[in-house]
Amino acid sequence: LLTNWLAGRQGEGGAVRGFDAGWKARAPSEMISVARLGAAGRWQRCNRLAPARALSFDAATRAAQTAFEAVHDVSGLPWWATIVLSTLVLRTAVSLPLAVRQRRSVARRELLQPTVKEWAEALRHNIVVRCRRDGLSADDANGMFKKEFKAKTKELYRDAGCQTWKWMLPQLGQIPLWIVMTLTLRHMASIETLQTMPELYLSLSREGLLWFKDLTLPDETMRLPALLAASSLANIEMNILLGSRRGPPPARARYLNNFFRVLSLLFFPVAGHMATGVVCYWTASSLFGLSQNVALLYPSVRRLFRIPPTPTDTATPMRDIAGLLQARTKAFWAEVRQVNKL
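Presented here is an overview of the structure given in this document. All values reported here derive from a predicted model rather than from experimental measurement.

## Some remarks on the nonpolar core
Core analysis: the largest hydrophobic core is formed by 22 residues, its most contacted members being Phe 68, Trp 79, Ile 83, Leu 185, Met 188, Tyr 281 and Trp 282. At the level of secondary structure, the elements contributing two or more residues to this core comprise helix 6 (79–134), helix 8 (169–188), helix 10 (198–206), helix 11 (223–243) and helix 13 (276–295). For this core, the leading source of residues is helix 13, giving five residues. When sequence neighbours within four positions are dropped, the list of residues in contact with Met 188 reads Gln 65, Phe 68, Trp 79, Thr 193, Leu 200, Tyr 201 and Leu 204. Counting seven residues, the second-largest nonpolar core is a separate cluster that includes Met 238, Leu 242, Leu 290 and Ile 321.

Structural data, given as structure tokens:
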């Protein structure tokens, strides 16, 4: 399969040479180094890492790979530490400012809610009076209220700088970064890199940590994918619990919550088939996001980033989260017992 793929790449005019040509062009020392990977089982496992075609010619991934190599060479850190350090720096530089702006927008919108409710009651009263005067039905009054209320709240939120789209700022910044980093690390751990840059590939295969010594292969123990899925799910559940303090979520929010729960659990089998270097980045990014969200709950941190105080702020966020989790667990088991009685 490897030979056929390389032959196909050569026939397509790609930059990768055929396997035989590439092997013969190597120095004997390189051949010996690469030969240590020659066990049949090892090659079969490497083949599960699908090659990232033409990624080395893409500007973003090429720049990211160059940055990775520079950090690794200058710092002298092993590759697992290089990946974690790069993740922390990028998340701090890109995701943290966007998360702070999102929290400011959410806080402003929460502070506007009393004004919105008062205005909604006045608007409802005015529409009822108008509809009675003009002989319109209750359905007409309800439609007019929804239309005018939506337009007015949209204008109010825009003037306060807390539009709905700003709630998605962290995702808008994180998703492109996540894709570029994932594709870059996947390419660095691919067979194409073994053919074109064997020193880089072999260093990745030696500079792991604890049970995942080889960053080019999947984690057979599945510990790292399990940590990734657990941290992602914990982040989602924490946000759901905090949102429940403002009242029960609407139906659309419940569907989205369940969708993200399933998505976080799907990380487990997917990560089990990815190179450990990629999963190392995913896990470090997920743990950073969880730590960031916890830190932004504390009043001292919120004051540091000039996030407006709101009525739902608390000096003991983790204790409150534990209390909410305990209450939800009791309610769940109460429902289970009720269903069993039926």
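Moving on from the coordinates now.
## Overview of the packing of aromatic side chains
Per the stated rule, a full pass over the model turns up six aromatic pairs. When the ring of Phe 145 is compared with that of Phe 149, the centres are 5.5 Å apart and the planes differ by 15 degrees; the resulting orientation is stacked. Taken as a pair, Phe 145 and Phe 149 lie in helix 7 (residues 138–160) at a separation of four residues, close to a single helical turn. Centroid distance Trp 211 to Phe 212: 5.2 Å. Interplanar angle 75 degrees. Geometry classified as edge-to-face. Residue class for Trp 211 comes out partly exposed when judged on its relative accessible area of 33%. An aromatic cluster is defined as three or more aromatic residues linked by ring pairs; in this entry it consists of Trp 119, Phe 145 and Phe 149. Residue placement shows Arg 124 over the ring face of Phe 145; its charged tip is 4.1 Å from the ring centre.

## Examining the pattern of salt bridges
Evaluated as defined, the whole model comprises four salt bridges. Between Arg 130 and Glu 148 there is a salt bridge whose closest N-O contact spans 3.3 Å. On the criterion of sequence distance, the pair formed by Arg 130 in helix 6 and Glu 148 in helix 7 is long-range, its members being 18 residues apart. Judged by relative accessible area, which is 31%, Glu 148 ranks as partly exposed.

## Side note on the side chain of Arg 91
Note that Arg 91 resides in helix 6. Among buried Asp, Glu, Lys and Arg side chains, Arg 91 stands out as unpaired, with Glu 237 the closest opposite charge at 18 Å. A distance of 2.6 Å separates polar atoms of two side chains, one belonging to Arg 91 and the other to Ser 285. Not counting residues within four places of it along the chain, the set of residues in contact with Arg 91 comprises Leu 96, Gln 174, Ser 285, Phe 288, Gly 289 and Gln 292.

Cut-offs and rules
- Residues numbered from 1 in each chain as written.
- Predicted model: local features only at pLDDT ≥ 70, side-chain atom pairs only at ≥ 80, totals over all residues.
- Heavy atoms only, no water.
- Core = buried A, V, L, I, M, F, W, Y, C linked by side-chain atoms within 4.5 Å.
- Buried < 20%, exposed > 50% of the residue type's maximum accessible area, 1.4 Å probe, protein only.
- Helix = DSSP H or I, 4+ residues; strand = E, 2+ residues; numbered from the N terminus.
- Contact = heavy atoms within 4.5 Å.
- Phe/Tyr/Trp six-rings, centres within 6.5 Å; stacked < 30°, edge-to-face > 60°.
- Lys NZ or Arg CZ within 6 Å of the ring centre and 35° of its normal.
- Salt bridge = Lys/Arg side-chain N within 4 Å of Asp/Glu carboxyl O.
- Lys, Arg positive; Asp, Glu negative; His and termini not counted.
- Polar contact = N/O pair within 3.5 Å; in protein donor to acceptor, adjacent residues only side chain to side chain.

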